[in-house]
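Each chain is listed here by its residues.
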Amino acid sequence: MAAPPAAPHAVRTMHRSRPRPVAVPRTAAPPLIGVVTHELLAESAPGWAMGPGRSERDLAPARLSMRLSYTQAIQEAGGIAVVLPAHGYIDDTGALLDRLDGLIFSGGPDLDPAVYGQARHPRLGPEVDRVSDEYELALLAGAGERDLPMLGICRGMQALNVSRGGTLHQHLPDRSDLGHLQCHEPFAPAHTVDVGRGSLLRWLTGSDGLSVNSFHHQAADRIGAGLEVCARAPDGTVEALWDPAASFCLGVQWHAELLTHRAEQATLLRGLVDAACGLAPQLSLAA
């Protein structure tokens, strides 16, 4: 199946002023936040018999293994989390998105470089699954069409970029000596990032610099349509992207869900939940 084309992205003018909420909330109840996950454990033994519509891939379904830090972080921020495995049934994405108030696209294995038109690097990860990639890209396209608030984390930010026609650096050690794959505790930072002025990330955190953790060997290269870089690592690696024309569309290369004990990182999850309630910030150029 061919990769979905980059979604057309009409640039809309956004009036920037001091932050204020949208007058009419999207939902009065705690918002339902879908967590899209590729964190799966392969199963070699068959679990299903062959049947109508079932492929060879379907016969040994993987087990979900996503860490509950994602769902816990959403609950702490005031939302209700529901886990969405990237199972590949693209025809359900529209009905699913119509029931959600927001999305997190979580970390996980490398995307298949074929979805952004490149050959595989020799150091590409072992758990690449193009079927799951195309399902996630369809969710991203549909969420963008609906202007659903979304936060991409690590692989999720990379998928956001690819969904807009962007590409990835497939193996950062080829181009940088900075340690982007830390070996110490996941809730302890590995390096700093510079945060761009006038961006959603700057407004949420109130800072021009953040300390972040790091668990990736890939990163955004060509930036997708409608997206802007809003944070970089000391070696120039893109660490955050956002869509200035969306109500809330942010991708960060670090695992913010593991850093919510730090006030500036907790604001990313709270910002998503607020936006899912209809409380979308308008940004100050000075932020």
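Preceding block: the structure.
Starting afresh in each chain, residues are numbered from 1 along the sequence in its written order. Per-residue local features of the predicted model are confined to residues with pLDDT of at least 70, and side-chain atom pairs are confined, for both listing and counting, to 80 or more; whole-chain, interface and lining totals are unaffected and use all residues. Working from all heavy atoms in the structure, the side-chain values ignore hydrogens and water.

**Focus on the sheet that holds strand E11 (residues 228-232)**
Spatially, E4-E1-E5-E6-E13-E12-E11-E8-E9 is the arrangement adopted by the nine strands of the open sheet, whose pairing is mixed. This sheet does not close on itself; its edge strands, each paired only once, are strand E4 (80-85) and strand E9 (209-212). Averaged over all pairs of adjacent strands, the angle between strand axes in this sheet comes to 25 degrees, irrespective of strand direction. Bridge analysis of strand E8 (residues 191-195) against E9 gives four bridges, and the strand direction is antiparallel. Residue pairing in the sheet places Thr 192 in a bridge with Ser 211 of E9. Any two strands with at least two DSSP bridges between them are considered paired. Only DSSP runs of H or I with at least four residues qualify as helices, and only runs of E with at least two residues qualify as strands; both kinds are numbered from the N terminus onward. Interaxial angle, 0 to 180 degrees, is taken between N-to-C directions of lines fitted to C-alpha atoms, where a helix line uses only the stretch in contact.

**Some remarks on unusual backbone geometry**
The general pattern is negative phi for most residues beyond glycine and trans for most peptide bonds. In this model, Asp 147 sits at a positive phi of 55 degrees, which is unusual for a non-glycine residue. Mapped onto the secondary structure, Asp 147 falls in the loop between helix H3 (130-146) and strand E6 (150-153). When a residue's accessible area, from a 1.4 Å probe over protein chains only, is under 20% of the maximum for its type it is buried; when over 50% it is exposed; and in between it is partly exposed. Classification of Asp 147 by relative accessible area gives partly exposed; the value is 26%. Even without being glycine, Cys 154 reaches a positive phi, approximately 55 degrees. Locating Cys 154 in the fold gives a position in the loop between E6 and helix H4 (155-163).

**As for the packing of H3 against H4**
Running from amino to carboxyl end, H3 crosses H4 at an angle of 70 degrees, the nearest separation of the two axes being 9 Å. Of the possible angle classes, the one that applies to H3 and H4 is roughly perpendicular. Together, Asp 133, Glu 136, Leu 137 and Leu 140 of H3 and Arg 155, Gly 156, Ala 159, Leu 160, Val 162 and Ser 163 of H4 make up the contact between the two elements. Taken together, the residues of the contact of H3 with H4 sort by class into five nonpolar, two polar and three charged. Note on angle classes: values under 35 degrees are labelled roughly parallel, values over 145 roughly antiparallel, values of 65 to 115 roughly perpendicular, and the remainder oblique. In this analysis, two residues are considered to be in contact whenever any of their non-hydrogen atoms come within 4.5 Å of each other. The nonpolar class holds Ala, Val, Leu, Ile, Met, Phe, Trp, Tyr, Cys and Pro. Asp, Glu, Lys and Arg form the charged class, and all remaining residues, Gly among them, are polar.

**Some thoughts on the pairing of strand E12 (residues 238-242)**
Extensive coverage of E12 is indicated by the burial of five of its five residues. Here E11 pairs with E12 via four bridges, running antiparallel. Considered in E12, the bridge of Arg 232 is made with Val 238. Between E11 and E12, which pair antiparallel and follow one another directly, the connecting turn spans five residues, one of which, Gly 236, has a positive phi of 90 degrees. As defined by bridge partners, E12 adjoins strand E13 (residues 249-252) across three bridges and the pair is classed as antiparallel. Bridge pairing in E13 links Ala 240 to Val 252. The antiparallel hairpin formed by E12 and E13 contains six residues in its connecting segment.

**A word on the nonpolar core**
Membership of the largest hydrophobic core comes to 35 residues, with the highest contact counts inside it found for Ile 104, Leu 201, Leu 250, Val 252, Trp 254, Leu 268 and Leu 269. Of all the elements, helix H6 (residues 263-276) adds the most residues to this core, at six residues. The residues contacting Leu 268, other than those within four sequence positions of it, are Leu 151, Leu 201, Leu 204, Thr 205, Phe 248, Leu 250, Val 252, Trp 254 and Ala 256. Put simply, buried Ala, Val, Leu, Ile, Met, Phe, Trp, Tyr and Cys residues joined by side-chain atoms within 4.5 Å make one nonpolar core. Leu 97, Leu 103, Leu 160 and Ala 220 belong to the second largest nonpolar core, which has 29 residues in total.

**A few points about H6**
Taking 1.5 Å per residue as the helical rise, H6 with its 14 residues ought to reach 20 Å, and the 20 Å between its terminal C-alpha atoms agrees with that figure. Counting buried residues in H6 gives 11 out of 14 residues, a clear majority hidden from the surface. Within the span of H6, buried status applies to Glu 264, Gln 265, Ala 266, Thr 267, Leu 268, Leu 269, Gly 271, Leu 272, Val 273, Ala 275 and Ala 276. The span one expects for a helix is its residue count, reduced by one, times 1.5 Å.

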